[in-house]
Every structure is written in structure tokens, then in C-alpha cells.
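Each chain, written out:
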Amino acid sequence: MRVKVCGTTSVRDAVLSAEAGADALGFIFAPVSRRLVTPQVAREAGLSVGPSVARVGVFLNQGLDEVLRTAEAARVSAVQLHGRLSGLYVTAVAAYYPVLRVVRPADLAAEADMWHGHQGVTLMLDAPEPGGGIPLDWNALRSLFPHGAWLAGGLGAGNVAAAMQALNPAGVDAVSRLESGPGVKDPAAVRAFVQEARRAAQSYPQ
């Protein structure tokens, strides 16, 4: 089970999350985000934690060339794709980077069928408004949640264990509940989230 801390905007927060035990850091390049980071800062932050921590570039409805150029400049190791995107687009990105394809509950079944067996694309279930801090109804999604998918959407130390018990995700991702302000991590919240996710993973193994 993997733990990702998203919305990283500084070297300080990258090191904090890595030292807390996060497996992956998310760097948001979507211009609409309050946690927007430049490729240069993301690259510096990624270098500060070493190669054992995955560096995920997060994009929303951006052009293919922009995604690939930004990912290269930031030296990310994977790409997370939000928005209304064609299968051809996702496949094109997956030719260069492992892809976390983010879907909403309403689209989960169709997307799960589309990407079943595709080694380069992993589904991540998120809330309809990502970054809003509002959890999903995990119990209602039990029958739809595919094996091997990741979970996001309003997760934090106080609820990640319940979410994992309900859906047994392959990875969990959090941002808003780990912050003291947009793009600024709360050290205690980050450490508690990673600790609770690790504890829950021991109780509900993959």
C-alpha cells in the first residue's frame, strides 16, 4: 500500500513528507490550482528527497505537449491526469510515464473497464471537486471500486483507516487535510496521516 502527499510546493514540505514516510509526492501543474508549483521548484523538491520517493506531476485538462514538456522539466517519475480526457490521450502519456488516471464516482465503472489490464494506467478515485476536503461515501462504492485502484478525496489522519477498511485501496492520496494553508503543509497532520495509513495497511493488507 502506497501513501502519497499531494500539493507539494516547496523543498521544505517535500523533505517533511519524505521523512514522515510518504512513498510519493504530488506536484500540481494545473493553472487553476491554489497549489500551483513551477517545474523548477518541483524539480528541486524532488531532488531533495532522492529517487526512492516517487514524484508525481498533476495535470488537469492540459495539452499533451504541455504535459510532456512540464513533466520532463520537473523530472517527475509519474503523471496524474484529471479531467475529461480521451483514452487515446491517456495512452499517449502512458507511453512516457506511469499514469494515475483520476476519475469521479460517476465515471468509475466505465473507466475501470477501459483500463483493466493496462499495465501503464492505474485508476485513482477522487471527489467530483478534487482538493475540496470532502470525503466520498466509501461504503456505497464498495461494489464498484476495482482491485489495485488508489483512493483520494478528503482523506486525513482521522478517516484514512475507515476508508481503507471499506475499499482496500492500493494507495491513498491526501492534500487539503494536511495543510495549514493552501500549499503549506502542517507537519503534525502529515506525520499523523502517514502513520495512520501505515497502521491501517497492517490491519487490512493488500
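Quantities reported herein were computed from a predicted structural model and do not represent experimental measurements.

A. Spotlight on the pattern of salt bridges. Scanning all chains against the criterion turns up 11 salt bridges. Between Arg101 and Glu111 there is a salt bridge whose closest N-O contact spans 3.8 Å. Within this pair, whereas Arg101 is found in strand β5 (residues 99-103), its partner Glu111 is found in helix α5 (residues 108-115), the two being separated by 10 residues in sequence. As far as burial versus exposure is concerned, Arg101 and Glu111 are alike and both buried. A salt bridge links Lys185 to Glu179; the nearest nitrogen and oxygen atoms lie 3.9 Å apart. Residues joined in a network through salt bridges with shared partners are Arg2, Asp23 and Arg198.

B. Inspection of the sheet that holds strand β3 (residues 54-60) at higher detail. Read around the closed barrel, the 8 strands follow the order β1-β2-β3-β4-β5-β6-β7-β8; overall the barrel is parallel. Where strand β7 (residues 150-151) meets strand β8 (residues 171-174), 2 bridges bridge the pair, whose relative direction is parallel. Following the sheet pairing, Trp150 is matched in β8 by Gly171.

C. Expanded view of the side chain of Arg35. Locating Arg35 in the fold gives a position in the loop between β2 (24-28) and α2 (39-49). Classification of Arg35 as buried rests on a relative accessible area of 6%. Looking at Arg35, its side chain comes within polar contact range of the side chain of Glu179, at 2.7 Å.

D. Layout of α5. Every buried residue belonging to α5 is among Leu108, Glu111, Ala112 and Trp115, and all of these are buried. For α5, the angular spread of buried residues about the axis comes to 105 degrees, placing them on one side. Seen from the open side of α5, the exposed residues pointing more than 90 degrees away from its buried face are Ala110 and Asp113. Contacts from the buried residues of α5 go to α4 (87-94), β5 and β6 (121-125). Directly after α5, the chain includes Gly117, whose backbone phi takes a positive value near 85 degrees.

E. Seen up close, the packing of α2 against helix α3 (residues 64-74). Look at α2 against α3: their axes get within 7 Å of each other, and the N-to-C directions meet at 40 degrees. Taken together, the axes of α2 and α3 are oblique relative to one another. Only Thr70, Ala73 and Ala74 of α3 make contact with α2, whose side of the interface consists of Pro39, Ala42 and Arg43. Of the residues in the contact of α2 with α3, the class split is 4 nonpolar, 1 polar and 1 charged.

F. A look at α2. Three or more residues of α2 are buried, namely Pro39, Ala42, Ala45, Gly46 and Val49. The buried residues of α2 occupy an angular sector of 130 degrees when projected down its axis, which confines them to one face. Every exposed residue of α2 that faces more than 90 degrees away from the buried side is listed here: Gln40, Glu44 and Leu47. Buried residues in α2 make contact with α1 (11-20), β2, β3 and α3. Following α2 by one or two positions, Gly50 has its phi on the positive side, about 85 degrees.

G. Broad picture of the layout of surface pockets. Roughly 270 Å³ of volume is contained in the second largest pocket. Every residue lining the second largest pocket is counted, 13 residues in all, and those nearest its centre are Trp115, His116, Gly117, Val121 and His147. Among the elements of the structure, α5 and β6 are those that each provide at least two residues to the lining of the second largest pocket. Considering each element in turn, the lining of the second largest pocket owes the most residues, 3 residues, to β6. A per-class count over the lining of the second largest pocket returns 6 nonpolar, 7 polar and no charged.

Rules of the game
Residues numbered from 1 in each chain as written. Predicted model: local features only at pLDDT ≥ 70, side-chain atom pairs only at ≥ 80, totals over all residues. Heavy atoms only, no water. Salt bridge = Lys/Arg side-chain N within 4 Å of Asp/Glu carboxyl O. Helix = DSSP H or I, 4+ residues; strand = E, 2+ residues; numbered from the N terminus. Buried < 20%, exposed > 50% of the residue type's maximum accessible area, 1.4 Å probe, protein only. Pairing = 2+ DSSP bridges. Polar contact = N/O pair within 3.5 Å; in protein donor to acceptor, adjacent residues only side chain to side chain. Arc of directions from axis to C-beta. Contact = heavy atoms within 4.5 Å. Axes fitted to C-alpha atoms, helices over the stretch in contact; angles between N-to-C directions. Parallel < 35°, antiparallel > 145°, perpendicular 65-115°, else oblique. Nonpolar A, V, L, I, M, F, W, Y, C, P; charged D, E, K, R; others polar. 1 Å grid on protein atoms, 1.4 Å probe; cavity = no way out; pocket = protein on both sides within 12 Å on 5 of 7 lines; lining within 4 Å. Points joined across faces, edges and corners; volume = space filled by probe spheres on them.

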